[in-house]
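Fold and contact review
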Amino acid sequence: MPEHVSILQLIGVAVLVLATVIWVVGLIRLLRRDRFEVAARRHGDTLRAIPHQRQSGPVAESVELTPEEHAAFAGLVRQFSDSRRP
């Protein structure tokens, strides 16, 4: 150890070297992950554990309302639309 260098300067250099090593390792991991994601998109590879997703939604269901139910529903719609007006 050189005599003209203080212990604080040596600690400072060690901290800078450690920070640089951590930064380089993080950068390498980030670049590798991005390269893997780009390659996966390019080749169309998908995760095999995830099942194929449907492109459309579920089948629409409908229920015929009786005239009384239709009138009650219309009354609810009027009631809600009236309560929204200031």
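Structural data are supplied above this passage.
What counts, and where the lines are drawn
Residues numbered from 1 in each chain as written. Predicted model: local features only at pLDDT ≥ 70, side-chain atom pairs only at ≥ 80, totals over all residues. Heavy atoms only, no water. Helix = DSSP H or I, 4+ residues; strand = E, 2+ residues; numbered from the N terminus. Areas by Shrake-Rupley, 256 points an atom, 1.4 Å probe, with all protein chains shown as cover. Patch = residues over 30% accessible without salt bridge, like charges linked within 9 Å, V, L, I, M, F, W, Y side chains within 5 Å. Salt bridge = Lys/Arg side-chain N within 4 Å of Asp/Glu carboxyl O. Buried < 20%, exposed > 50% of the residue type's maximum accessible area, 1.4 Å probe, protein only. Expected span 1.5 Å × (residues − 1).

Some remarks on the overall build of the chain
- The helix and strand tally for the chain stands at two helices and zero strands.
- Entry remark: accessible area of the chain is about 9000 Å², with carbon and sulfur atoms responsible for 64%.

Remarks on a nonpolar patch on the surface
- On the surface, Trp 23, Val 24, Leu 27, Ile 28, Leu 30 and Leu 31 cluster together into a nonpolar patch covering about 540 Å² of accessible area.
- Residue classification places Trp 23 among the exposed residues on the basis of a relative accessible area of 58%.

Considerations on helix α2 (residues 67-84)
- The terminal C-alpha atoms of α2 lie 26 Å apart, and with 18 residues this matches the ideal 26 Å at 1.5 Å per residue to within 8%.
- Within α2, only zero of the 18 residues are buried, leaving the element largely exposed.

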